[in-house]
Amino acid sequence: MSLVLDPAAQDLLFREARTANTFTDEPVTEEQVQAIYDLVKFGPTAFNQTPLRITLVRSAEARERLVQHMAEGNQAKTASAPLVAILSADNEFHEELPTLFPAFPQAKDLFFAERPAREGSATLNAALQAAYFIVGIRAAGLAAGPMTGFDAEGIRKEFLDDDHTPLVVVNIGKPGEGASYPRSPRLPYEQVVTTV
């Protein structure tokens, strides 16, 4: 195999990693989340923008508020996960570009002066960062249960503001009993890759 990454790490991050639907009651610490972010913040984005915002839902009161906005099939697992993160896109990310992309500070005004351009870029790049975050959770030896089945407007009003768009809600923890469904098929290389 031509991959440099150790096979055990490949398994941890991809082959053996699964979306978890149940979790143990072992807590997820602030230190673990900090380590995850400090790893995944280096994932590439356009203009080094960092539109991802992570809202950690730890208190029982906040968890109750969140669960009411989850699709019915996602409510119980969200209520019982050790930690839940709301991943959103900051549509005002451009304000940080002069600091984050000093090689071309004019990008802030040249490309992102208009809100629609910012929203599109924020959504795409925050989604990339959300994927890095999920892989980072796996790198920490934890399991992620990412979900898009929720009332986005309800979550935005409850936890965010008009400048943030909720993208994914992620349950985080050690997988519990029967945490994952059997592995579903994936498309083969020949069906996905085209050479021109």
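Below you will find a few notes about this structure.

So, how was this worked out
Residues numbered from 1 in each chain as written. Predicted model: local features only at pLDDT ≥ 70, side-chain atom pairs only at ≥ 80, totals over all residues. Heavy atoms only, no water. Helix = DSSP H or I, 4+ residues; strand = E, 2+ residues; numbered from the N terminus. Buried < 20%, exposed > 50% of the residue type's maximum accessible area, 1.4 Å probe, protein only. Phe/Tyr/Trp six-rings, centres within 6.5 Å; stacked < 30°, edge-to-face > 60°. Core = buried A, V, L, I, M, F, W, Y, C linked by side-chain atoms within 4.5 Å. Contact = heavy atoms within 4.5 Å. Arc of directions from axis to C-beta. Axes fitted to C-alpha atoms, helices over the stretch in contact; angles between N-to-C directions. Parallel < 35°, antiparallel > 145°, perpendicular 65-115°, else oblique. Nonpolar A, V, L, I, M, F, W, Y, C, P; charged D, E, K, R; others polar. Left-handed = near helix turned anticlockwise from the far one by under 90°. Salt bridge = Lys/Arg side-chain N within 4 Å of Asp/Glu carboxyl O. Pairing = 2+ DSSP bridges.

## With respect to unusual backbone geometry
One non-glycine residue, Phe47, lies in positive phi territory at about 55 degrees. Assignment of secondary structure puts Phe47 in the loop between helix 2 (30-40) and strand 1 (52-57). One non-glycine residue with positive phi stands out, namely Asn48, at about 55 degrees. Turning to its location among the elements, Asn48 is positioned in the loop between helix 2 and strand 1. Residue classification places Asn48 among the partly exposed residues on the basis of a relative accessible area of 35%.

## Brief notes about the packing of aromatic side chains
The way to describe two aromatic rings as a pair is by their centre distance and the angle between their planes. Considering all chains together, one arrives at 7 aromatic pairs under this definition. On the numbers, 5.8 Å between centres and 90 degrees between planes, the contact of Phe47 with Phe112 is edge-to-face. Highlighted residues: Phe47 in the loop between helix 2 and strand 1 and Phe112 in helix 6 (residues 107-112), separated in sequence by 65 residues. Judged by its relative accessible area of 25%, Phe47 falls in the partly exposed class. Pairwise contacts between aromatic rings join Phe47, Phe93, Phe101, Phe104, Phe111 and Phe112 into one cluster.

## Observations concerning the nonpolar core
One recurring pattern in soluble globular proteins: nonpolar side chains tend to sit buried together. In this structure, Val28, Leu87, Phe133, Ile137, Leu142, Val170 and Ile172 are the most contacted members of the largest nonpolar core, which totals 25 residues. Among the elements of the structure, helix 2, strand 2 (83-90), helix 6, helix 7 (115-139) and strand 4 (164-173) are those that each provide at least two residues to this core. At 6 residues, helix 7 tops the list of elements feeding residues into this core. If we skip the residues at most four places from it in the chain, Leu142 touches Val28, Gln32, Ile36, Ile137, Ile172, Gly173 and Lys174. Membership of the second largest hydrophobic core comes to 17 residues, among which are Phe23, Ala81, Val84 and Phe159.

## Focus on helix 3 (residues 60-67)
Among the residues of helix 3, Ala62, Arg63, Leu66 and Val67 are the ones counted as buried. Seen along its axis, helix 3 keeps its buried residues to an arc of 135 degrees; they face one direction.

## Observations concerning the packing of helix 3 against helix 4 (residues 72-80)
Contact geometry for helix 3 and helix 4: axes closest at 9 Å, N-to-C directions at 170 degrees. The angle between helix 3 and helix 4 falls in the class roughly antiparallel. Note on element contacts: helix 4 touches helix 3 through Gln75, Thr78, Ala79 and Ser80, opposite Arg63, Leu66 and Val67. Residue composition of the contact of helix 3 with helix 4, grouped by class: 3 nonpolar, 3 polar and 1 charged.

## Things to note about the packing of helix 2 against helix 7
Between helix 2 and helix 7, whose axes approach to 9 Å, the crossing angle comes to 125 degrees. Considering their axes alone, helix 2 and helix 7 lie oblique with respect to each other. For the pair helix 2 and helix 7, the crossing hand works out as right-handed. Residues Ile36, Leu39 and Val40 of helix 2 lie in contact with helix 7, whose contacting residues are Tyr132, Phe133, Gly136, Ile137 and Ala139. Residues of the contact of helix 2 with helix 7, tallied by class, amount to 7 nonpolar, 1 polar and no charged.

## Side note on the pattern of salt bridges
Across all of its chains, the model carries 15 salt bridges by this definition. Between Glu153 and Arg156 there is a salt bridge, with the nearest N and O atoms lying 2.3 Å from each other. Residue Glu153 and its partner Arg156 are located together in helix 8 (residues 152-159), separated by 3 residues, close to a single helical turn. Under the relative-accessibility criterion, Arg156 is labelled buried at 14%.

## Structural notes on the sheet that holds strand 4
The strand order 1-2-4-3 describes an open sheet built from 4 strands, whose pairing is antiparallel. In this open sheet, the two edge strands, each paired with only one partner strand, are strand 1 and strand 3 (143-147). Taken over all neighbouring pairs, the strand axes of this sheet differ in orientation by 30 degrees on average, direction set aside. Where strand 1 and strand 2 come together, 6 bridges link them in antiparallel fashion. Each residue of the ladder has a partner; that of Val57, found in strand 2, is Val84. Packed on one face of the sheet, helix 4 meets strand 2, strand 3 and strand 4 and runs near 145 degrees to strand 3.

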